[in-house]
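Single-letter residue listing:
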Amino acid sequence: MKTAEPKKERMDLDDATYLAAYKDGDTAALGELVEKYRRPLFGFIIKFSEGREDADEIFQEVWVRAIKNMNRYRQKNLLSWLFRIAHNLMIDRIRRNRKTVSFDTPAFADGASVSDRLATERLSPDAETDGRELGLRIAAAADNLPVEQREVFWLRMQAGLSFKEIAKVQTCSVNTALARMQYALSKLRNELSADYQDLREAGV
Amino acid sequence: MKTVKIERWLLLEQSGELPDRKRQRLRRELESSAEVRRLRDELDRLYGAMPQPDEKPGPLTLQRIHARLGRESRPLLFFRQWKPALALAAGLAVIAGLLIFHEKPGTASAVVFATAEADPGEVWDDPLAGDLEELETLILAISESPLDIMEL
């Protein structure tokens, strides 16, 4: 049976070595780690932040907290740990600035939510013509999911975390993480019925 | 088997978390049901269709992380290094304060302070009142006597 392997990079000896090297004063080691996990981590953060500047700030904060607490680092997967820090940071920000950070409540003068605006921005004419439009439509539709479901969806589909790791990030059971994923898939199916037809018939 | 359960198993199978026993059962389901195969293909294709994240943090992000780590670790180190000395200094300051400000009652400074603070209408016992009265009587007695200053 064909299995879609997770797209994540597993915590390996390199990560522990880099962390130890940084602790010993080798600043370049941190650069290697930041570069290694930059794409999935920043890609995740930017989905749940208020824009590039905000995402930059959270990204920096994640690494600062990770390094400051590296003595408590026990997990096998560094990326999963970084996601957990990012998740906690974003939850804190949402609680603190609920009115401005909520993605699903109207945030703009025309009544659109942050999610709507992000979705619209991603469906620009240029993007439509570059051959990635189906993926972008799925991504845009996923932006309209409730936060928990959206988070599971991104952590699984883009960061490639296992459900066990996602459950750790969200501090919930594996079954809850799975159920959130299933709700997300169900909503996407309804919202993108035509695209799902394409997925079934033509493949990608 | 219910579709919800099958989908759950497919998701776990996709992430490599489905136990062997369940994987064998799932394989049988896949062989026997076109609907399960359709669901599996749909998930695989959805997974494949997802765009990879290509956003990058700002070019100065790493320098800022280094700067923040340097900035935030320094005060901590400073405090830890000087903690015993700071504790000793605080202890000495408390002892010195006790020695300086702990004076016996009835001294001049206390009287002056109490006089300044006293309510004019309030009746209170002045420990020097008797002496002052005696001094006043003496002065009056001297002033009433026909003593010529030149004789002195």
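See the structure above.
Because the structure is a prediction, the values reported are computed rather than measured.

Cut-offs applied
- All residue numbers refer to position in the chain's written sequence, counted from 1.
- Each chain is given a letter, starting from A, and each ligand a number, starting from 1, according to the order in which they appear as written.
- The predicted nature of this model means local features are confined to residues of pLDDT at least 70 and side-chain atom pairs, given and counted, to a pLDDT of 80 or more, with totals for whole chains, interfaces and linings taken over all residues.
- Excluded from the side-chain calculation are hydrogens and water; included are all heavy atoms of the structure.
- Each helix corresponds to a stretch of at least 4 residues labelled H or I by DSSP, and each strand to a stretch of at least 2 residues labelled E; elements are numbered beginning at the N terminus.
- Any two residues whose heavy atoms approach within 4.5 Å at even a single point are treated as in contact.
- Computed by Shrake-Rupley with a 1.4 Å probe, the accessible areas treat only the displayed protein chains as cover when residues are assessed.
- One side-chain nitrogen of Lys or Arg within 4 Å of one carboxyl oxygen of Asp or Glu is enough to make a salt bridge.
- Note: buried area is the sum, over both parts, of the accessible area (probe 1.4 Å) each one loses when the two are combined.
- Pairs of N or O atoms within 3.5 Å make up the polar contacts considered here, provided that, within protein, one atom can donate a hydrogen while the other can accept it, and that residues adjacent in sequence are counted only when both atoms are side-chain atoms.
- Each residue after the first adds 1.5 Å to the expected span of a helix.

Looking only at helices and strands, chain B features six helices and zero strands. Moving toward the C terminus, one meets the helices and strands of chain B in the order α-α-α-α-α-α. Contacts in chain B between residues far apart in sequence, at least 24 positions, make up 42% of those at least 6 positions apart. Just so you have it, chain B exposes about 11600 Å², and 62% of that area is on carbon and sulfur atoms.

Once that is clear, we can look at the pattern of salt bridges. By the definition in use, this model includes eleven salt bridges over all chains. A salt bridge links E61 of chain A to R68 of chain B; the nearest nitrogen and oxygen atoms lie 2.3 Å apart. In this pair, E61 of chain A is assigned in helix α3 (residues 52-68) and R68 of chain B in helix α4 (residues 61-101), connecting two distinct chains. A salt bridge links R189 of chain A to E42 of chain B; the shortest N-O distance between them is 2.8 Å. With R189 of chain A in helix α11 (residues 174-191) and E42 of chain B in helix α3 (residues 34-49), the pair connects residues from two separate chains.

Moving on to the interface of chain B and chain A. Facing 39 residues of chain B, the contacting portion of chain A comprises 57 residues. Note on chain B versus chain A: buried area summed over both sides is about 4600 Å², and carbon and sulfur give 60% of it. At the boundary of chain B with chain A, the tally comes to three salt bridges. Inspection of the chain B/chain A interface yields 13 residue pairs in polar contact (both at pLDDT 80 or more). At the level of elements, α1 (3-14), α2 (20-32), α3 and α4 of chain B are the ones that each hand at least two residues to the side of chain B that touches chain A.

A separate point is helix α4 (residues 78-96) of chain A. Relative to the 27 Å expected for 19 residues at 1.5 Å per residue, α4 of chain A spans 27 Å between its end C-alpha atoms, a close match to the ideal helical length. Measuring from the side-chain oxygen of the N-cap residue of α4 of chain A to the backbone nitrogen of L79 of chain A gives 3.0 Å; that N-cap residue is N77 of chain A.

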